[in-house]
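Structural description and commentary
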Amino acid sequence: MKTEKLVVLGGGESGVGAAILGKDKGMKVFLSDMGKIAPHYAAQLDAEGIEWEQGSHTPEKILDADLVVKSPGIPPTAPMVRAIVERGIPVISEIEFAGRYTDAKMVCITGSNGKTTTTMLTYHILSDAGLNVGMAGNVGRSLALQVARSPHDVYVIELSSFQLENMYDFKANVAVILNITPDHLDRYDYEMQNYINAKFRILNNLTCEDAFIFWQDDPVIRRQLEQVTTEARMYPFAEHIEEETRSYVNDEDNLVIDTPATSMEMPRAELALNGLHNLYNSMAAGLSACLLNIRKDDIRRALSNFEGVEHRLEYVATVNGVRWINDSKATNVNSCWYALESMPGGTPSVVLILGGKDKGNDYSEILPLVSQKVKAIVCMGKDNAKLMEFFGKEVPQIADTHSLEEAVEAARSFASDGDTVLLSPCCASFDLFTSYENRGDLFKEAVRRLS
């Protein structure tokens, strides 16, 4: 019998995991990365005896594949991907590939904002309740590697639109869409509908035995549901109860979660995570847990003791009476909106640090909150022209900076006792940093040096 040839494009977490799973399934595996593979991933590939290359693609080896697993970061317009498709070779994601080799239950979470928090919160509830659960996708370890070497009964998976693009037969048991706002439009020909379509691929293959959890008040989701049908049971959540709402806040300010198998309440004040956006994240995680038959007491306990997500509204320090908050994970405008929404009202007291790689952003969404809460803006990026032009007349003070050090110094000069400096960039990090984590870590280091 012919040995199936698997080519993996991309040598990061998902790619190396897919390569190891392919090897374990008896495939002949070749991994190729146009960039440089991190040393620990290269060592892992060598230890497994998997052939790999970096810095270029070898067409002869790649175009001889029976199947290609593509890293989500590689766009479908990349020349090698186009050549693969023209050759008629199937291209799938690591999640799709891993799903072929497990019958575990899948809780799959997408949305423009809140994915990581909701994924980690759901995982926290399930693991605290004693389930054999893994976390994968954009957070945690590669799903493929876990399926190969440390299988679980349940997986909680954060799915980006990029990952959903190359998923076809994969099926969630619980599918969650938190919200949809403009993001990554540069990947989608600046057509919002293309981005929406990618997000809604999470509903592919759902049956009447599965569940779909979504924010009932999201206008984009509501419009799309007029065009799309699913057999799945619907579990909408919202701040205030409407017809069909399955999670909401009642008149006593209690969070209510109501499913056919479970009905529970807990005081909103006892939730570990504050802010409206985190209320929605808690609702989605709580509904997911109820649908997996987790005990009410376990859900309440986990929702009240969760410790949050690094780089998402993360308190760093108070220096000379000024609070510094790291929200580097806010890589789109809507995420920044939620961060500003959680800031105290009254006299403008926020110094907001914005900037990075613009993805076709429309900043008008945050303008009302900027007018209400922001006393100064610090633009931090290689090219701040768009930000300077948009916000130049909207705030009393604005600075054009081109490094983290400049931005922190400008923010310190604008801030007074009682103010908050909020790094919530609205943009991707790739102009000055390697990732939003790198941006957040360097910001925290710079702030701590001030004290």
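The coordinates are above.
Quick summary incoming for the structure in this document. Quick caveat, the model's predicted, so the values are computed rather than measured.

1. Side note on empty space enclosed by the protein
One pass over the structure, following the stated rule, counts two cavities of 30 Å³ or more. Of the voids in this model, the largest cavity is the one considered here, and its volume is about 80 Å³. In this structure, the largest cavity is lined by N113, G114, T117, L178, N179, H277, N278, Y280, N281, R312 and Y338. When residues in the lining of the largest cavity are grouped by element, the largest group, four residues, is from helix α11 (residues 276-291). For the lining of the largest cavity, the residue count by class is three nonpolar, seven polar and one charged.

2. Thoughts on unusual backbone geometry
Not every positive phi belongs to a glycine, and E244 is a case in point at roughly 80 degrees. If you trace the backbone, E244 turns up in the loop between β11 (233-237) and β12 (247-249). The exposure class of E244 is exposed, given its relative accessible area of 55%. The backbone of H311 shows a phi angle near 75 degrees, a positive value even though the residue is not glycine. As for its position among the elements, H311 is in the loop between α12 (296-305) and β15 (314-319). Judged by its relative accessible area of 3%, H311 is buried.

3. Considerations on the packing of aromatic side chains
Scanning all chains against the criterion turns up nine aromatic pairs. Relative to Y338, the ring of W337 has its centre 5.1 Å away and its plane inclined at 90 degrees; by these criteria the two rings are edge-to-face. The class of W337 is partly exposed, set by a relative accessible area of 24%. What links up through ring pairs into an aromatic cluster is the set W215, F237 and Y280.

4. Topic: the pairing of β11
Relative to β11, strand β10 (residues 211-215) runs parallel, the two being bridged by five bridges. From the neighbouring strand, I213 faces β11, where its bridge partner is Y235. A crossover connection joins β10 to the parallel β11 through helix α10 (residues 219-227); in handedness this β-α-β unit is right-handed.

Calculation rules
- Residues numbered from 1 in each chain as written.
- Predicted model: local features only at pLDDT ≥ 70, side-chain atom pairs only at ≥ 80, totals over all residues.
- Heavy atoms only, no water.
- 1 Å grid on protein atoms, 1.4 Å probe; cavity = no way out; pocket = protein on both sides within 12 Å on 5 of 7 lines; lining within 4 Å.
- Points joined across faces, edges and corners; volume = space filled by probe spheres on them.
- Helix = DSSP H or I, 4+ residues; strand = E, 2+ residues; numbered from the N terminus.
- Nonpolar A, V, L, I, M, F, W, Y, C, P; charged D, E, K, R; others polar.
- Buried < 20%, exposed > 50% of the residue type's maximum accessible area, 1.4 Å probe, protein only.
- Phe/Tyr/Trp six-rings, centres within 6.5 Å; stacked < 30°, edge-to-face > 60°.
- Pairing = 2+ DSSP bridges.
- Right-handed = clockwise from strand over helix to strand, strands pointing away.

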